[in-house]
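A closer look at the structure
Listed here are the chains, written in short residue letters.
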Amino acid sequence: IYVERTLAVIKPDAVHHADEIEDIITQNGFSVLHKRKVQLTPEQASELYSEHFGKMFFPSLITYMSSGPIVALVIAKDKAISSWRELIGPTNALIAKQSHPDSLRAKYGTDDQQNALHGSDSFTSAEKEIRFFFPDSIVEPISIGDSAKSY
Ligand code: YYY
Ligand code: MG
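Presented here is a report on the structure given in the accompanying data block. (Residues numbered from 1 in each chain as written. Chains lettered and ligands numbered in written order. Predicted model: local features only at pLDDT ≥ 70, side-chain atom pairs only at ≥ 80, totals over all residues. Heavy atoms only, no water.)

1. Description of unusual backbone geometry
Phi angles above zero are rare outside glycine, and Lys 79 is one such case at about 55 degrees. Considering the arrangement of structural elements, one finds Lys 79 in the loop between β3 (70-77) and α4 (80-88). With a relative accessible area of 54%, Lys 79 lands in the exposed category. Here Ala 116, not a glycine, exhibits a phi torsion of approximately 70 degrees, which is positive. Structurally, Ala 116 can be placed in the loop between α6 (104-108) and β4 (117-119). We classify Ala 116 as buried; its relative accessible area is 0%. (Helix = DSSP H or I, 4+ residues; strand = E, 2+ residues; numbered from the N terminus. Buried < 20%, exposed > 50% of the residue type's maximum accessible area, 1.4 Å probe, protein only.)

2. Examining the environment of Asp 136
Position of Asp 136 among the secondary structure elements: in the loop between α7 (123-133) and β5 (142-143). Note: C-alpha distance between Asp 136 and Phe 58 (78 residues apart in sequence) is 29 Å.

3. Looking at the nonpolar core
Ile 10, Trp 84, Leu 104 and Leu 117 are the most contacted members of the largest nonpolar core, which totals 20 residues. Listed by contribution, the elements that provide at least two residues to this core are β1 (2-10), α1 (18-27), β3, α4 and α6. Here Leu 117 is in contact with Val 9, Ile 10, Lys 11, Ile 21, Trp 84, Ile 88, Leu 104 and Arg 105, once residues within four sequence places are set aside. With 18 residues, the next largest nonpolar core counts Leu 40, Ala 45, Ile 130 and Phe 133 among its residues. (Core = buried A, V, L, I, M, F, W, Y, C linked by side-chain atoms within 4.5 Å. Contact = heavy atoms within 4.5 Å.)

4. Brief notes about the packing of aromatic side chains
Applying the stated criterion across every chain, the model contains three aromatic pairs. Measuring from centroid to centroid gives 6.0 Å for Phe 30 and Trp 84, while their planes differ by 85 degrees, and the two rings are edge-to-face. Residue Phe 30 is located in the loop between α1 and β2 (31-38), and its partner Trp 84 is located in helix α4; the two are separated by 54 residues in the primary sequence. Given the relative accessible area of 3%, Phe 30 is considered buried. Ring plane angle 75 degrees and centroid distance 5.3 Å describe the contact between Phe 53 and Phe 58, whose orientation is recorded as edge-to-face. We classify Phe 53 as exposed; its relative accessible area is 66%. A cation sits over an aromatic face here: Lys 77 above Phe 30, 4.5 Å from the ring centre. (Phe/Tyr/Trp six-rings, centres within 6.5 Å; stacked < 30°, edge-to-face > 60°. Lys NZ or Arg CZ within 6 Å of the ring centre and 35° of its normal.)

5. Considerations on the site of ligand 1
Every residue close to ligand 1 is listed here: Lys 11, Tyr 49, His 52, Phe 57, Leu 61, Arg 85, Thr 91, Arg 105, Asp 112, Gln 113 and Asn 115. Within the contact set of ligand 1, an oxygen atom lies 2.9 Å away from a side-chain nitrogen or oxygen of His 52. With respect to ligand 1, the side chain of Arg 105 contributes an N or O atom lying 3.0 Å from an oxygen atom. Surface burial for ligand 1 is 80%, taken as the share of its 490 Å² of free accessible area covered by protein chains. Grouping the constituent residues of the shell around ligand 1 by class yields three nonpolar, four polar and four charged. (Near = heavy atom within 4 Å. Polar contact = N/O pair within 3.5 Å; in protein donor to acceptor, adjacent residues only side chain to side chain. Areas by Shrake-Rupley, 256 points an atom, 1.4 Å probe, with all protein chains shown as cover. Nonpolar A, V, L, I, M, F, W, Y, C, P; charged D, E, K, R; others polar.)

6. Topic: the pattern of salt bridges
Opposite charge on two side chains permits pairing when their charged atoms draw close. One pass over the full model with this rule turns up two salt bridges. Residue Lys 35 is joined to Glu 22 by a salt bridge in which the shortest nitrogen-to-oxygen separation is 2.7 Å. Taken together, the residues span a long stretch of sequence, with Lys 35 in strand β2 and Glu 22 in helix α1 at a distance of 13 residues. Residue Lys 35 is classed as partly exposed on the basis of its relative accessible area, which comes to 47%. Measuring nitrogen to oxygen at the nearest pair gives 3.8 Å for the salt bridge that ties Glu 127 to Arg 131. A residue pair is termed a helical-turn pair when its members lie 3 or 4 positions apart in one helix, as Glu 127 and Arg 131 do in helix α7 at four residues. Accessibility expressed as a relative area gives 27% for Glu 127, which makes it partly exposed. (Salt bridge = Lys/Arg side-chain N within 4 Å of Asp/Glu carboxyl O.)

Encoded structure:
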């Protein structure tokens with residue numbers, strides 16, 4: 001049995017709800033494999049969001065993401081990447097409140113920037129983002145049981 005992993009980040013605006021959000025994560029069947037509370041420097045936030053460099057919202061995104069502590073979690077479940085993206089909801093929390101009222105961004109976010117949560121969007125970004133926060137963790141799918149196969 002192979003368990004997919006993804007990176008979840010509780011952003012500065014939602015860190016005061018971190019315990020509650022972690023409960024929701026486990027209630028939704030995810031295992032929390034690693035957890036770290038850190039405050040990113042603007043340079044580190046820029047690295048994490050490098051794909052958005054040059055966009056209008058990039059400078060304010062970096063200011064926001066480095067404005068206070070965040071909680072990074074490696075969470076695991078079958079189809080963890082898409083399942084976590086689904087649970088957090090649309091990027092814009094204002095839209096989430098309309099179309100996905102039960103999503104975490106609807107519950108904890110404010111607008112298109114302060115949206116409370118991050119989730120990796122693909123296997124490649126999950127691997128990269130897990131390594132960014134947890135450089136010592138094993139990135140390969142973890143195997144439970146005795147048969148060893150790779151992707
Ligand atoms: O992956 P996701 O977080 O749902 O959205 P992205 O399009 O990758 O944008 C990353 C991040 O940038 C988003 O979570 C908030 C911020 N952002 C913004 O501040 N303003 C926008 N118009 C779009 C995104
Ligand atoms: Mg994204």
